[in-house]
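Breakdown of the fold
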Amino acid sequence: MPQKILAGRATDPQLRGDLVQVKVDQVILSRAPSRALAEAIATGMKKTPVEVAVAYDGTCVADASSLADIDEGSPHSVSPEFPTYNIPIARPGIGFPAPVHLERFAAPARLALTDDPRLATVGGIGMLSLVVSPSQLGQALATGSAWLRPPRSVQIHLSGRVRPFVCARDVALELLRRNLDEVVRRIEGEHHAPVILEFAGPSARLLSVGDRAVLCGIAPQVGAAAALFVSDEKTEVFLRDQRRSKAHRALVPDPGAPCEEVVSIDLGTVDPLLMDEEGVVRPVRDLAGKPVAQVVLGGDSGVTLRDMLAAALLLKSKRVPSRLDLLVAPPSRQVLEVLAQSGALVDLVATGARIVEPDRRVVTSEIYPPPPGGLSLRTADAEPRIAGAPSFVVASAETLAYAVATGAVGDPRSFKRPVRVTVPRALPTDDVLILRDKKGEQVSTKKPPPAPAAVPWRGPLTLDVLAGVPKGNGRAAVGARGRKAPAPAEAAPPAAQAAPAADDKPQDAPAEGKAAGGVALVLSTLDEVRAVAERATDLSSVRAVVAPFVPSTAVSAFASEGIATFLVGAEALGSIKEQKSVELPAPAQWGDRVAAVFGDERVEVAWLATGMERSWTHAGTVRQPPSASKPARS
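On a predicted model such as this, the values are computed, not experimentally measured, just so you know.

Re the confidence of the model for the protein
On average, the protein scores 88 in pLDDT, and the residues at 70 or more come to 89%. Ignoring residues within four places in sequence, the model shows residues 473–516, a span with pLDDT below 50, making 82 contacts including any to other chains. Of the regions scoring below 50 in pLDDT, residues 627–634 engages in 21 contacts with residues more than four places distant in sequence or in other chains.

Thoughts on helix α17 (residues 552–560)
In terms of burial, α17 is a largely internal element, 8 of the 9 residues being buried. Taken residue by residue, α17 has Ser552, Ala554, Val555, Ser556, Ala557, Phe558, Ala559 and Ser560 as its buried positions. Contact partners of the buried residues in α17: α5 (134–143), α7 (180–191), α16 (526–534), β22 (542–547), β23 (564–567) and α19 (612–619). Directly beyond the C-terminal end of α17, a positive phi value near 80° is found at Gly562.

Digging into the pairing of strand β3 (residues 52–56)
By the criterion of burial, β3 is predominantly enclosed, with 5 of the 5 residues buried. Burial of β3 is two-sided: the residues Val52, Val54 and Tyr56 facing one way and the residues Ala53 and Ala55 facing the other way are all buried. Across 4 bridges, strand β2 (residues 26–29) lies against β3 in parallel orientation. Within β3, the residue paired with Val27 across the bridge is Ala53. Viewed along the sheet, the connection from β2 through helix α2 (residues 33–42) into β3 turns out right-handed. Bridge count for β3 against strand β4 (residues 89–90) is 2 bridges, and the pairing is parallel. Across the sheet, the residue bridging to Ala55 is Ile89, located in β4.

Structural notes on the packing of aromatic side chains
Tallying each qualifying case throughout the model produces 6 aromatic pairs. Considering the side-chain rings of Trp457 and Trp590, the 5.0 Å spacing of their centres and the 70° angle between planes classify their relative orientation as edge-to-face. Taken as a pair, Trp457 in the loop between β19 (434–435) and β20 (461–467) and Trp590 in the loop between β24 (581–584) and β25 (593–598) lie far apart in primary sequence, 133 residues in all. In this structure, Trp457 and Trp590 share a single accessibility class: buried. Where Phe566 meets Trp590, the ring centres are 5.6 Å apart and the plane angle is 70°; that geometry is what we call edge-to-face. Pair noted here: Phe566 is in strand β23 and Trp590 is in the loop between β24 and β25, with a separation of 24 residues, a long-range link. With respect to burial, Phe566 and Trp590 carry one shared label: buried. Here the aromatic cluster, defined as three or more aromatic residues joined through ring pairs, consists of Trp457, Phe566, Trp590 and Trp607. The side chain of Arg378 reaches across the aromatic face of Phe392, ending 4.7 Å from its centre. Above the ring of Trp457, the side-chain terminus of Arg543 is found at 4.6 Å from the ring centroid.

Focus: the sheet that holds β2
Pairing is mixed across the open sheet formed by 6 strands, whose spatial order is β6-β5-β2-β3-β4-β19. Strand pairing shows two members of the sheet lacking a second neighbour, β6 (128–131) and β19, which therefore form its edges. As judged from the 2 bridges shared by β4 and β19, these two strands associate in the antiparallel manner. Of the residues in β19, the one forming a bridge with Ala90 is Ile434.

Looking at the nonpolar core
Judged by nonpolar contacts, the single largest core of 42 residues is most densely connected at Phe566 and Leu584. By residue number, the principal contributor to this core is β22, which donates 5 residues. Beyond its immediate chain neighbours, meaning those up to four positions away, Phe566 contacts Ala544, Val545, Val546, Ala547, Leu584, Trp590, Val594, Val605, Ala606, Trp607 and Leu608. Within the second largest apolar cluster, 40 residues are counted, among which are Ala10, Leu111, Ala140 and Val230.

Notes on the sheet that holds strand β12 (residues 273–275)
Strand order in the open sheet made by the 7 strands is β13-β12-β18-β17-β14-β15-β16, with mixed pairing throughout. Two strands lie at the open edges of the sheet, namely β13 (281–283) and β16 (354–355), each paired on one side alone. With 2 bridges connecting them, strand β17 (residues 376–378) and strand β18 (residues 393–395) associate as parallel partners. Residue Arg378 lies in a different strand from β18, and its bridge partner there is Val394.

Some remarks on the side chain of Ser30
Mapped onto the secondary structure, Ser30 falls in the loop between β2 and α2. Polar side-chain contacts of Ser30 include one of 3.0 Å to the side chain of Asp116. Residues contacting Ser30, with those up to four places away along its chain left out, are Tyr56, Pro97, Asp115 and Asp116.

Points about the environment of Ala353
Structurally, the position occupied by Ala353 is in the loop between α12 (344–351) and β16. Sequence separation between Ala353 and Arg319 is 34 residues, and the spatial gap between their C-alpha atoms is 9.1 Å. The residues touching Ala353, leaving out its near neighbours within four places in the chain, are Val320, Leu326, Val328 and Leu348.

Things to note about the environment of Glu561
Mapping Glu561 onto the fold places it in the loop between α17 and β23. Take Glu561: its relative accessible area is 2%, and that puts it in the buried class. Each C-alpha atom of the pair Glu561 and Thr537 lies 7.6 Å from the other, and the pair is 24 residues apart in sequence. At 3.1 Å, the side chain of Glu561 forms a polar contact with the side chain of Arg35.

Notes on unusual backbone geometry
Phi angles above zero are rare outside glycine, and Ser365 is one such case at about 65°. Within the fold, Ser365 resides in the loop between α13 (360–363) and β17. At Tyr368, a position not held by glycine, the phi torsion is positive, near 55°. Tracing the backbone through its elements, the reader meets Tyr368 in the loop between α13 and β17.

Cut-offs and rules
Residues numbered from 1 in each chain as written. Predicted model: local features only at pLDDT ≥ 70, side-chain atom pairs only at ≥ 80, totals over all residues. Heavy atoms only, no water. pLDDT = per-residue confidence, 0-100. Contact = heavy atoms within 4.5 Å. Buried < 20%, exposed > 50% of the residue type's maximum accessible area, 1.4 Å probe, protein only. Helix = DSSP H or I, 4+ residues; strand = E, 2+ residues; numbered from the N terminus. Pairing = 2+ DSSP bridges. Right-handed = clockwise from strand over helix to strand, strands pointing away. Phe/Tyr/Trp six-rings, centres within 6.5 Å; stacked < 30°, edge-to-face > 60°. Lys NZ or Arg CZ within 6 Å of the ring centre and 35° of its normal. Core = buried A, V, L, I, M, F, W, Y, C linked by side-chain atoms within 4.5 Å. Polar contact = N/O pair within 3.5 Å; in protein donor to acceptor, adjacent residues only side chain to side chain.

What follows is the structure in structure tokens.
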């Protein structure tokens, strides 16, 4: 199915070559909207030609820091100028980007590009959503096209029916327990191509679109580029309920379509599961009786409208234990309205729940973090698990309901009987919090910040070695790569941005007290790679990433930011982590293998970039002069 979507939009329908140029249907801006807009404007955009482009402003709880970000034009902020470029703004309070986009914008058999891995959930409606860097998003906004690697597919065959008190969240955890990440890693290593999960089988068509979205949400955790369900009558009913019937298109795989591997799962064998604080999936009974201090019901993934209603029914007439905090974060404004109209919200409030706003920092635990020394249970997927990050237990809404009812972890099947939930068909669809460009309305004349200057590779380079993900909140630069936006007169000429530098002279020494040329990160796990990829625009000194496994989508995103990605064997990882610096030869000497010197140890590493990605790495940017940007064939 992903190949069908890309082939219908590619300049080469056969999808030959390392990268292919494809037409983009939607662009979803969530993590660094202003940076993507700045890149698009630098490429020459006046109004985006993309069918749907939306910028999500996820800062609902304003504080001094968030207001300063807006005033300073932070890459993570959303300025009022977006609608003038044909990019509506989803205002604070509308909900988390993933569930809102699924309800209001996602469409089957379309291609979307985003900077937020959590938007993998829109695959539940049959939309292919791929994560790229803000600079690649800028190119897509300006030209309506992007260069992507042709993907490979892994089919997940679903059969059987789930038993009472088993939710889609439990099925997703079961897939993680079956080491799906090892399958993805092996196929990536064989083909050097993104892997997309395709859900199939008789039970796949029985699941609601909401349940499908929950299953698609596991894609980033296993290193897959995306996940995809068929678009069928269930999808059509969902769109009809959202008053978007015209967006429906059928999407099914061709008979006999090849895939790299098939993973089968019988839904009838799935028990209530949880992912513990170390990221290990276990049966709920393994932690039974353990006291719970905090429960966060809702968020942007792992829960559906049906799950929220079921939890409210299970907790009706119950009271929150004295040492437990129950926080309810409705995924979207639509879900909040349905809970209010049905009386479920009143039941939750009467239980002792606190209703929190859908701020992006809720899912990252920047606000409402897990209490020290206490156990926190949540329905939303965790951010990449790295050292120092807040840790909590992930479980289904019904498992959370049992924890609230008893004050401890337990199997939800201990409830007397399952609840019967009727999801209303008449859903509120008022887009009052979508800000579009309207003629005659006064908008701010403040210009968006300029795109950061490219930092090309010039000759041999010595980098400081740093093991693991840099500490900090992700907004402060580490070292001195110098990605601050230059004044217009100091901007690098197009030639310097479009072609790699070939001289063999070392780069100029940085300012005193700064890293010698930048930083090379040595990463051990997929979660560390994911964390760095999501923060690449903030870690301004990073010039190289070395790891035993890097997903193809992350390689492309790093390359577009001028970050070289190298593969190293796991056996050599321990020794190079102990080194203080690495010497890399001049770019003219790079090939599929690069001879790097870590301290006194010479190590051959594999350069993972391919095709145009290598030019992007050397040039320090994917950005091209306005005259060179042409849209792809429709």
